[in-house]
Structures are given as C-alpha cells and as structure tokens.
Amino acid sequence: MSIEAKISSSDPPASTNRRDFLHITTGTAAIVGTAATLWPFIDSMRPSADISAVATIDVDLTSIEPGQRVTVKWRGRPVFIVHRTEALIAQARADDANPNLIDPAPDSTRVQRPEWLVVVGVCTHLGCIPLGQSDGDPRGPFGGWFCPCHGSIYDSAGRVRKGPAPRNLEVPPYVFQDDLRVRIG
Ligand code: FES
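Source: prediction; values computed, not measured.

About the thresholds
- Residues numbered from 1 in each chain as written.
- Predicted model: local features only at pLDDT ≥ 70, side-chain atom pairs only at ≥ 80, totals over all residues.
- Heavy atoms only, no water.
- Helix = DSSP H or I, 4+ residues; strand = E, 2+ residues; numbered from the N terminus.
- Buried < 20%, exposed > 50% of the residue type's maximum accessible area, 1.4 Å probe, protein only.
- Contact = heavy atoms within 4.5 Å.
- Salt bridge = Lys/Arg side-chain N within 4 Å of Asp/Glu carboxyl O.
- Polar contact = N/O pair within 3.5 Å; in protein donor to acceptor, adjacent residues only side chain to side chain.
- Pairing = 2+ DSSP bridges.
- Axes fitted to C-alpha atoms, helices over the stretch in contact; angles between N-to-C directions.

Draft legend 1. Inspection of the side chain of Asp95 at higher detail. Mapping Asp95 onto the fold places it in the loop between helix 1 (86-94) and strand 6 (116-120). Residue Asp95 is classed as buried on the basis of its relative accessible area of 17%. Aside from chain neighbours lying at most four places away, what touches Asp95 is Leu101, Phe142, Arg159 and Arg161.

See the structure below:
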C-alpha cells in the first residue's frame, strides 16, 4: 500500500472552543483507494459539516508511538485512537470496579487490544468534541478527555467519570487486520 503524507495548516484557534488535532486518516480501497493522509488540523468543537462520510477506513498504526493520540474521521465523526501506555492501561483497569462509574464497563469490554483504545470522539451529552487529543490539552484526572462545553470528564478507557454526559464514549465497530492495521466501520 502506498502512503502519501500531506501537511496542511489553518489559522490558530480564536478561542478555547477550537483546538488542534493530530489527524491520521487512511482511506478504504472502496472509497478513496490506498492513499493515507497525515496532517495536523484545527477543528471546531463540533464535527464540521464538510467532513465526508466514509463507511470504512483503514488506519495504519505503525507511526503511533506509545502515549500518542490521533484522530481519524469516520462517517463524519472524529474517532480517537490512543496507543495506551502500561500506565494508562493500569489506570483504566484499576477503576473497573469503581462503584462511582456513571456508565459501568470493565476496561476489557472497551478495547480489543489493551494497548489500543478506539472510541468515537463525540461527547455523549450534547455532541461536543472533548479535549485531550493534543499535547497540552486538559484531560481531567483520569487520563482521558475533558469536554469544555459542560465539564464532562472521560477516563483512559473512554468511560464517563463526571457528567452531565450520561454514557461512555462510543466504541465504533472495528477489526484488527494485523498487529498494526485496524479497519474501522
Ligand atoms: S457536550 Fe460535552 S459536556 Fe455537554
């Protein structure tokens, strides 16, 4: 598979309601062929209307280092991929039996492989895109994401830990094609 890297830039965010994403997308053979794209971008707190709907995307995980987070777009929504470190995995597992979980789910039900978390990056409250994908973003105390719209906090398994979000971040359908390639959708 050939891989094409592109770098593009946008104006810096004008407020805290805009932020950087590191964005990696690889296209499906059926829809956009074999090209893959890597670019940093600025996005609003909600998915932009011009995000194309893509039924299935293949993501090459090769360049995602432990601790790194990337965002891919799938069916018009951002999908967060986290290469979890041992510390993040341990943090998630340690809270499996926490009685205060708003939407209880063991970490093992949230991931197919412990080192890779794949979740839809849309807050389950009103649909904002939580912060946490970029270095320096606020992530809250649980190693996950912080939604600045109304203050919801998610942990390193994408579980909601502080509302008003009622549910964990959605886990999209995906399958590992091999150790370092995942197909979402
Ligand atoms: S949309 Fe995320 S907390 Fe309201």
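Following the structure, the description resumes.
Draft legend 2. Representation of the pattern of salt bridges within the structure. For the structure on display, the rule yields 10 salt bridges. Of the charged contacts, one joins Asp58 and Arg183 as a salt bridge, the two residues approaching to 2.6 Å between their closest N and O atoms. Separated by 125 residues along the polypeptide, Asp58 in strand 3 (residues 57-60) and Arg183 in strand 11 (residues 181-184) bring together distant segments of the chain. Measuring nitrogen to oxygen at the nearest pair gives 2.9 Å for the salt bridge that ties Asp179 to Arg113. Taken together, the positions of Asp179 in the loop between strand 10 (174-178) and strand 11 and Arg113 in the loop between helix 1 and strand 6 put the pair 66 residues apart, joining distant regions of the chain. Overall, the relative accessible area of 24% leaves Arg113 in the partly exposed class. Connected through shared salt-bridge partners, Asp95, Asp96, Asp155, Arg159 and Arg161 make up one network.

Draft legend 3. Region of interest: the environment of Ser152. Its place among the elements puts Ser152 in strand 8 (residues 152-155). The spatial distance from the C-alpha of Ser152 to the C-alpha of His125 is 8.1 Å, given a sequence separation of 27 residues. For Ser152, the contacting residues outside a window of four places in its chain are Cys123, Trp145, Phe146, Cys147, Lys162, Gly163, Pro164 and Ala165. One polar contact links the side chain of Ser152 to the main-chain amide nitrogen of Ala165, over a distance of 2.8 Å.

Draft legend 4. Fine view of the sheet that holds strand 9 (residues 160-162). The antiparallel open sheet is built from three strands, whose spatial order is 7-8-9. Unpaired on one side and paired on the other, strand 7 (143-147) and strand 9 mark the two borders of the sheet. Taking the axes of each pair of neighbouring strands and ignoring which way they run, one obtains an average angle of 30° across the sheet. For strand 8 and strand 9, the ladder comprises two bridges, and the chain directions are antiparallel. Counted as the bridge partner of Ile153 is Lys162 from strand 9.

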